[in-house]
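Commentary on secondary and tertiary structure
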Amino acid sequence: MKKNKNITENLVRLGERYKSEHLTIWDKSKLETKPWQALKFFFSHSFMRGRRDKLSVEYYEFTIKVLFRFFKTTNVENSKTLFEELTISKKNNLFNTNSIRELKNEHRNSIKHPDFENRIKKNNPLINILTTNTKTEIEFPKGNFYTKNICLQNDTDLLMVLDTLNFMSISNDKTNLYKYFNDLIKRNKINVAYSELNKLSGIGDKISTFFLRDIAIINNYNLDENHVKYVFPVDTWVAQIASLLADKKFSAGKPNEIKKYFIENFPKNNLSLIAAGIWFLGFNSLSIAIEYVKIKKLKENKTTNG
């Protein structure tokens, strides 16, 4: 049975609000032509790993700024130039994660391992700057700036960053992450895009679908029924709202069940926007409820006053 048309329309409307508030800040033409902008776009998704948003933003801002300084080129926005910088770093073994993974086998967080300093940090200048406290200007929330001494403090983030840079160094066509994965979607290979993303450390179903969903929204793609599951990230918000809509208990730990429910009950051509709208509704539930109350009160006053 198809869901109520009003529910679909409202979720799509919230998805449009998500697009307006979170995606219009990205210039599509720059994402397609400037690899540094594409990397920022990717990291703005990959650092959002279910912890407090403020902490994720701090790690993101720190990483982007120290990497910009590390790759000492005046033109990191040029794909060829950045690829050359990454190639040099790869030849110098800076993206090698074997030592980190070895320590991780001995310690829950390799960065906290007593041997991390001498065995890894001192021998790798890139890892050194990523794990050394640096005074960084942070913007959170929007328009609010502050400085903080910060660095990457867990190996999940560190491995994700190193794996991403290594992926970008494989070939020139992969240096621009946005263009590379967008091209795969356009060539009807979103399943390949999803698979490649999931090979990166710290990138599972939620982050892969989150990143691909926003590319789909930016480009207004209508994906077929076999592909919409690759643009439907599931988190606690989505699980809770799915449970309310279906009158059935869903768990965020079983994302495929939730995806199946929405794919079977909502129009496929709008599912990427619906997915964004569901997240937007959950994250902003209090402010949306207040908006609803204000609008309803205003309508009642107009009716009363004739």
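See above for the structure.
This report concerns the structure included in the present document.

About the criteria used
- Residues numbered from 1 in each chain as written.
- Predicted model: local features only at pLDDT ≥ 70, side-chain atom pairs only at ≥ 80, totals over all residues.
- Heavy atoms only, no water.
- Helix = DSSP H or I, 4+ residues; strand = E, 2+ residues; numbered from the N terminus.
- Expected span 1.5 Å × (residues − 1).
- Buried < 20%, exposed > 50% of the residue type's maximum accessible area, 1.4 Å probe, protein only.
- Pairing = 2+ DSSP bridges.
- Phe/Tyr/Trp six-rings, centres within 6.5 Å; stacked < 30°, edge-to-face > 60°.
- Lys NZ or Arg CZ within 6 Å of the ring centre and 35° of its normal.
- 1 Å grid on protein atoms, 1.4 Å probe; cavity = no way out; pocket = protein on both sides within 12 Å on 5 of 7 lines; lining within 4 Å.
- Points joined across faces, edges and corners; volume = space filled by probe spheres on them.
- Nonpolar A, V, L, I, M, F, W, Y, C, P; charged D, E, K, R; others polar.
- Salt bridge = Lys/Arg side-chain N within 4 Å of Asp/Glu carboxyl O.
- Core = buried A, V, L, I, M, F, W, Y, C linked by side-chain atoms within 4.5 Å.
- Contact = heavy atoms within 4.5 Å.

Let's shift gears to helix α13 (residues 205–218). Taking 1.5 Å as the rise per residue, α13 with 14 residues should run 20 Å; its terminal C-alpha atoms sit 20 Å apart, in good agreement. Counting buried residues along α13, 13 of its 14 residues qualify, which places the element largely inside the surrounding structure. Just downstream of α13 lies Asn220, where phi reads positive at about 55 degrees.

Quick look at the pairing of strand β1 (residues 134–139) now. Where β1 meets strand β2 (residues 145–150), six bridges bridge the pair, whose relative direction is antiparallel. When the bridges of β2 are listed, Glu139 appears paired with Phe145. Where β1 folds back on β2, the antiparallel hairpin that results is connected by five residues, among which Gly143 adopts a positive phi of roughly 90 degrees.

Applying the stated criterion across every chain yields a total of 20 aromatic pairs. A connected cluster of aromatic rings, assembled from ring pairs, spans Trp26, Phe41, Phe42, Phe43, Phe47, Phe167, Tyr178, Tyr180, Phe181 and Phe211. Looking at Lys54, its charged tip hangs above the ring of Tyr146, at a distance of 5.2 Å from the centre. Above the plane of the ring of Tyr18 lies Arg213, whose end atom (NZ or CZ) is 4.7 Å from the centre.

Summed over the entire model, instances satisfying the criterion amount to one cavity of 30 Å³ or more. Quantified by volume, the largest cavity comes out at close to 40 Å³. For the lining of the largest cavity, the per-class residue count stands at five nonpolar, three polar and one charged.

Attention now goes to the pattern of salt bridges. Inspection of the entire model under this criterion finds 16 salt bridges. For Lys5, the salt bridge goes to Glu9, with nearest N and O atoms at 3.9 Å. Of the two residues, Lys5 and Glu9 both sit in helix α1 (residues 5–23), four residues apart, roughly one turn of that helix. A salt bridge links Lys186 to Asp183; the shortest N-O distance between them is 3.6 Å. Here Lys186 and its partner Asp183 are both found in helix α11 (residues 177–186), three residues apart, which amounts to about one turn of the helix. Residue class for Lys186 comes out exposed when judged on its relative accessible area of 52%. Salt bridges sharing common partners tie together Arg49, Arg51 and Asp157.

One finds Phe43, Leu130, Leu165, Phe181, Leu212 and Phe262 to be the most contacted residues of the largest nonpolar core, which totals 89 residues. In this structure Phe43 touches Tyr60, Thr63, Ile64, Leu67, Met160, Val161 and Thr164, once residues within four positions along its chain are discounted.

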